[in-house]
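Structural characterization, general
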Amino acid sequence: MNNRQLIKLLEEINKELHENKEYLNQLDAAIGDGDHGTNVVRGFEAIQEEINKGNFDDLTPKQTLKDVAMILMSKIGGSSGPLFGTLALQMSNGLDDTERTYLDQWIKAIQSGIDGVQVLGKAQLGDKTMVDVLIPSLETLEKNINDPHKAIKEAEVTAKKAMEDTKDLEAKKGRAAYLGKRSIGHIDPGSVTIYLLWKSINQVEIS
Ligand code: ADP
Ligand code: MG
Ligand code: MG
């Protein structure tokens, strides 16, 4: 993936999140404060504005991701702003600074991003957070490291299932944890956002 393709991906994510904004708010209304869709859309709209100004044009993917992280942290707010911001920032830190980036480099970057999210948010697998989708989809990438096209297709499939599986979990982190057992029976909104990222990756041309 080069920087031009990363920019296309960010635009696709923005579109996907817009289309799902109300759905994400509804999911969050059931177990949180109902703002998750609004939050992530605010972040990616700000990214779209930077793209429109051409501010990412001359960067490497690593540099673009770093700017994306800063925007997410400052625009999303709440508890998920720092989490999504850290995901992007630590992905940037874990990514080689080359014009073109390959699957093995992204695997390292995503691992670094997940580590950052877990250090900050302390969520483990099964706590009903975005981590429940991030970890299995990364494992799917690793299993398919020799076939990048298949890897991202399969990662989306894994992410979809993992997102749906958060429904049966009891929240141990974030606002939903205040509900205890009453959080069972609802899909975690942040997990849907991570699934939508994977869906977006498969909508754009990546080489
Ligand atoms: P807020 O709770 O501040 O309103 P959002 O509604 O935007 O923030 O985001 C909620 C999402 O953040 C949850 O669905 C969950 O996936 C994710 N989340 C919350 N706490 C954590 C955590 N400690 N670690 C990882 N993800 C978390
Ligand atoms: Mg919320
Ligand atoms: Mg909130």
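Each chain has its residues counted from 1, running along the sequence as written. Here chains are named by letter from A upward and ligands by number from 1 upward, in the order in which they appear as written. Note on the predicted model: pLDDT of at least 70 is required for a residue's local features to be given, and 80 or more for side-chain atom pairs to be given and counted; whole-chain, interface and lining totals, by contrast, use all residues.

Within an unreviewed UniProt entry, the label attached to the protein reads Dihydroxyacetone kinase subunit L, and the organism entered is Mesoplasma lactucae ATCC 49193.

1. Comments concerning the confidence of the model for the protein
Rules: One number per residue, pLDDT, summarises how confident the predictor is, and it ranges from 0 to 100.
On average, residues of the protein score 97 in pLDDT, and 100% of them are at 70 or above. In the model output, the complex is listed with pTM 0.98 alongside ipTM 0.99.

2. Describing helix H7 (residues 131-143)
To be explicit about the condition: To qualify as a helix, a DSSP run of H or I must reach at least 4 residues; to qualify as a strand, a run of E must reach at least 2; elements of each kind are numbered from the N terminus. Given the number of residues in a helix, its expected span is that number minus one, multiplied by 1.5 Å. Neighbour density around each residue's C-beta defines its exposure: 20 or more other C-beta atoms within 10 Å make it buried, 12 or fewer make it exposed, and counts between make it partly exposed, where C-beta atoms are placed from the backbone.
Taking 1.5 Å of rise per residue, the 13 residues of H7 would be expected to cover 18 Å, and the 18 Å separating its terminal C-alpha atoms lies within 8% of that figure. When we look at burial in H7, the residues that qualify are Val131, Asp132, Val133, Leu134, Ser137, Thr140 and Leu141.

3. A word on the packing of helix H1 (residues 3-19) against helix H3 (residues 36-52)
Which entries qualify depends on this criterion: Between N-to-C directions, angles span 0 to 180 degrees; the directions come from axes that are lines fitted to C-alpha atoms, helices contributing only their stretch in contact. Each crossing is labelled by how the near helix is turned from the far one, with a counterclockwise turn of less than a right angle marking it left-handed and a clockwise turn marking it right-handed. What counts as a contact here is a pair of residues whose C-beta atoms, placed from the backbone, lie within 7 Å. By the convention adopted, Pro, Cys, Tyr, Trp, Phe, Met, Ile, Leu, Val and Ala count as nonpolar, Lys, Arg, Asp and Glu as charged, and the other residues, Gly among them, as polar.
Close contact between H1 and H3 brings their axes to 9 Å; oriented N to C, the two are set at 145 degrees. Once H1 is placed against H3, the crossing between them reads as left-handed. Where H1 approaches H3, its residues Ile7, Leu10, Glu11, Ile13, Asn14, Leu17 and His18 are matched on the opposing element by Val40, Val41, Phe44, Glu45, Ile47, Gln48 and Ile51. Its residues assigned to classes, the contact of H1 with H3 comprises nine nonpolar, three polar and two charged.

4. Structural notes on the site of ligand 1
Rules: Placing the C-beta atom from the backbone, one calls a residue near a molecule or strand if that atom lies within 6 Å of it.
Taken together, 24 residues form the shell around ligand 1, and within it Gly78, Ser80, Gly121, Gly174 and Gly190 come nearest. For the shell around ligand 1, the secondary-structure elements that each account for two or more residues are H3, helix H5 (80-94), helix H6 (103-121) and helix H9 (189-201). Here the shell around ligand 1 gets three residues from one element, more than from any other, and that element is H9. Of the residues that constitute the shell around ligand 1, the class distribution is six nonpolar, 11 polar and seven charged.

5. Details of the nonpolar core
To keep things clear, this is the line we draw: As used throughout, a nonpolar core is a set of buried Ala, Val, Leu, Ile, Met, Phe, Trp, Tyr and Cys residues joined through C-beta atoms within 7 Å of each other.
Val68, Ala88, Val133, Ala159 and Tyr195 are the most contacted members of the largest nonpolar core, which totals 48 residues. Those residues in contact with Val68 that lie beyond four places of it in its chain are Leu10, Ile47 and Ala88.

6. A look at unusual backbone geometry
Phi is positive for Lys122, which is not a glycine, with a value near 60 degrees. Position of Lys122 among the secondary structure elements: in the loop between H6 and H7. The exposed category is assigned to Lys122, around which 12 C-beta atoms lie within 10 Å. Of note in this structure, Lys128 is not a glycine but carries a positive phi near 65 degrees. Its location among the elements puts Lys128 in the loop between H6 and H7. Lys128 sits in the buried class, given 27 other C-beta atoms within 10 Å.

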